[in-house]
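Structure at a glance
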Amino acid sequence: MLFNFLSLAAGLALLTLGADFLVRGAISFANRLGMPPLLIGLTVVGFGTSMPELLVSLQAALSGSPAIAVGNVVGSNIANILLILGVSAAISPIAARIPNLKRDMTMMLTAALIMLGLGYWGVVNFWTGLAIFALLAAYLAWVTRTDRRCMTTEEAELVVKLAGWKEALYILGGLAGLIFGASLLIDAATAIAREFGISEAVIGLTIVAVGTSLPELATSVVAAFRRHAEIALGNVVGSNIFNILGILGLTAIVVPVPVEASMATFDIPFMVVTTLALIALILVAGRVNRIAGLTMLAVYTGYVVWLL
């Protein structure tokens, strides 16, 4: 059992470091190709920080644990809103000062409702996965076309060029870390679930979901301490869109993913409710204050306790 917990910790560490290395190397490579910073932020960074979720979901589905794959996506979206935004807002209130935030929140809600429909359908097959991934591609193309503007400070930070050998080392090392980390995490999480009699769905919704969201959590906490907590809001909205349309879509293209009835009737609707609550809070109050952040953390704690 101790070995399983050590493997779980090692898997989480490899996923976090692998994602960081891959994003750094990919940004340099994208700059070498002359990609604009906005497009790099939407695609390279967006997919790079979501690689832990993607590889864990793929590994889980291919190894016969689809409940972990779906739980990872749904649980990550719930954790992004209640845990990551909750912690960030508790540190520093989040002001909704992001251009085109309403458009992106609408897409986030659309993705959540699609997930709700797929849950009641009971399976995400090849054609469904292809359709939702195509929707993500169309959304990114639209955003890229409509968001052309002067380079912001955050985008300027994406203009990085490494030496060729460093670039290759970062990309290959990052991918290796992600692949081995995902394998370790899934094997350990599955073994722990069986040992304690916990369902794979619950493991996916909690330990795996939070673990694969560690890069976003770390980024958001650092941003909050620097009084740029609105970065956390942008990260969460973008990540939630990517998780459903990109991660679940690509996983289903490789292997059909069934959705457990319990997840379709409780966890996915809970994800939709948290998404609606966040949007309502932003539209009505225009910010997420400390009280709201602490409330989010309390709700997330209650949700996890309920699952266990």
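My aim in this report is to walk through the structure given alongside it, one point at a time. Each chain has its residues counted from 1, following the order in which its sequence is written. Given that this is a predicted model, residues contribute local features only at a pLDDT of at least 70 and side-chain atom pairs are listed and counted only at 80 or more, while totals for whole chains, interfaces and linings are drawn from all residues. As a rule here, side-chain values cover all heavy atoms of the structure and leave hydrogens and water aside.

1. Observations regarding the side chain of Asn 243
Here a helix means four or more residues in a row that DSSP labels H or I, a strand means two or more in a row labelled E, and each is numbered from the N terminus. Within the element layout of this structure, Asn 243 appears in helix α11 (residues 230-254). Burial status follows relative accessibility: with a 1.4 Å probe on protein chains alone, a residue under 20% of its type maximum counts as buried, one over 50% as exposed, and anything between as partly exposed. For Asn 243, a relative accessible area of 0% corresponds to the buried category. Here Asn 77 takes part through its side chain, which lies 2.8 Å from a polar atom of the side chain of Asn 243. Pairs of residues are marked as contacts when any of their non-hydrogen atoms sit within 4.5 Å. What Asn 243 contacts, discounting residues up to four positions off in sequence, is Ser 50, Glu 53, Val 73, Ser 76, Asn 77, Asn 80 and Leu 248. As used in this structure description, the phrase polar contact means that two N or O atoms lie within 3.5 Å; if the pair is within protein, one of them must be able to donate a hydrogen and the other to accept it, and residues adjacent in sequence are counted only when both atoms belong to side chains.

2. Here we look at the pattern of salt bridges
A side-chain nitrogen of Lys or Arg and a carboxyl oxygen of Asp or Glu constitute a salt bridge if their distance falls within 4 Å. Enumeration according to the criterion identifies 1 salt bridge in this entry. For Arg 103, the salt bridge is made with Asp 104, and the minimal N-O distance between the two is 3.0 Å. Asp 104 carries the same exposure label as Arg 103, and that label is buried.

3. Brief notes about the side chain of Asn 77
Within the fold, Asn 77 resides in helix α4 (residues 66-91). Contact partners of Asn 77, with chain neighbours within four places excluded, come to Ser 239, Asn 240, Asn 243, Ile 244 and Met 271.

4. What about the layout of surface pockets?
Taken as a whole, the second largest pocket holds about 190 Å³ of empty space. Lining the second largest pocket are Ile 81, Leu 82, Phe 270, Val 273, Thr 274, Ala 277, Leu 278, Leu 281, Ala 292, Thr 295, Met 296 and Val 299. Mapped by element, the contributors of at least two residues to the lining of the second largest pocket are α4, α12 (261-285) and α13 (290-307). When residues of the lining of the second largest pocket are assigned to their parent elements, the largest contribution, 6 residues, is made by α12. Residues are said to line a cavity or pocket when one of their atoms sits within 4 Å of a point; the points come from a 1 Å grid over protein atoms alone, cavities being sets where a 1.4 Å probe fits but cannot get out and pockets being open sets with protein on both sides within 12 Å along at least five of seven lines. Grid points are joined across faces, edges and corners, and a volume is the space filled by probe spheres set on the points.

5. So, the nonpolar core
Counting residues in hydrophobic clusters, the biggest one holds 84 residues, and the most contacted among them are Val 74, Met 115, Met 271 and Leu 278. Residue contacts for Leu 278: discarding those within four places in its chain leaves Ile 81, Leu 85, Met 108, Leu 233, Val 288 and Met 296. Put simply, buried Ala, Val, Leu, Ile, Met, Phe, Trp, Tyr and Cys residues joined by side-chain atoms within 4.5 Å make one nonpolar core.

6. Looking at helix α6 (residues 126-146)
In this analysis, the expected span of each helix is defined as 1.5 Å times one less than the number of residues it contains. Relative to the 30 Å expected for 21 residues at 1.5 Å per residue, α6 spans 30 Å between its end C-alpha atoms, a close match to the ideal helical length. Those residues of α6 not exposed but buried are Thr 128, Gly 129, Ile 132, Leu 136, Tyr 139, Leu 140, Val 143 and Thr 144. For α6, the angular spread of buried residues about the axis comes to 150°, placing them on one side. The exposed set on the far side of α6, more than 90 degrees from its buried face, consists of Trp 127 and Arg 145. Its side-chain oxygen 3.3 Å from the backbone nitrogen of Trp 127, Asn 125 forms the N-cap of α6. What the arc covers is the set of directions going from the helix axis to the C-beta atoms.

7. Quick notes on empty space enclosed by the protein
Throughout the structure, instances matching the rule amount to 1 cavity of 30 Å³ or more. If you add up the space inside the largest cavity, you get close to 30 Å³. Around the largest cavity, the lining residues are Ala 79, Leu 83, Ile 84, Val 210, Ser 213 and Leu 217. At 3 residues, the largest contribution of residues to the lining of the largest cavity is made by α4. For the lining of the largest cavity, the class distribution of residues is 5 nonpolar, 1 polar and no charged. Gly falls in the polar group here, along with every residue not listed as nonpolar (Ala, Val, Leu, Ile, Met, Phe, Trp, Tyr, Cys, Pro) or charged (Asp, Glu, Lys, Arg).

8. Quick look at the packing of aromatic side chains
Two rings from Phe, Tyr or Trp (for Trp, the six-membered ring) form a pair when their centres are within 6.5 Å of each other. A pair whose planes differ by under 30 degrees is stacked, one over 60 is edge-to-face, and the rest are tilted. Scanning the model with the defined rule gives 6 aromatic pairs in all. Between Phe 266 and Tyr 303 the ring centres are 6.3 Å apart and the planes differ by 20°, which places this aromatic pair in the stacked class. Remark: Tyr 303 occurs in helix α13 and Phe 266 occurs in helix α12; sequence separation between them is 37 residues. Judged by relative accessible area, which is 33%, Phe 266 ranks as partly exposed. You can call Tyr 303 buried: its relative accessible area is 4%. We count a charge as sitting over a ring when the NZ of a lysine or the CZ of an arginine lies within 6 Å of the ring centre and within 35 degrees of the ring normal. Over the ring of Trp 142 we find Arg 103, and its NZ or CZ is 5.6 Å from the ring centre.

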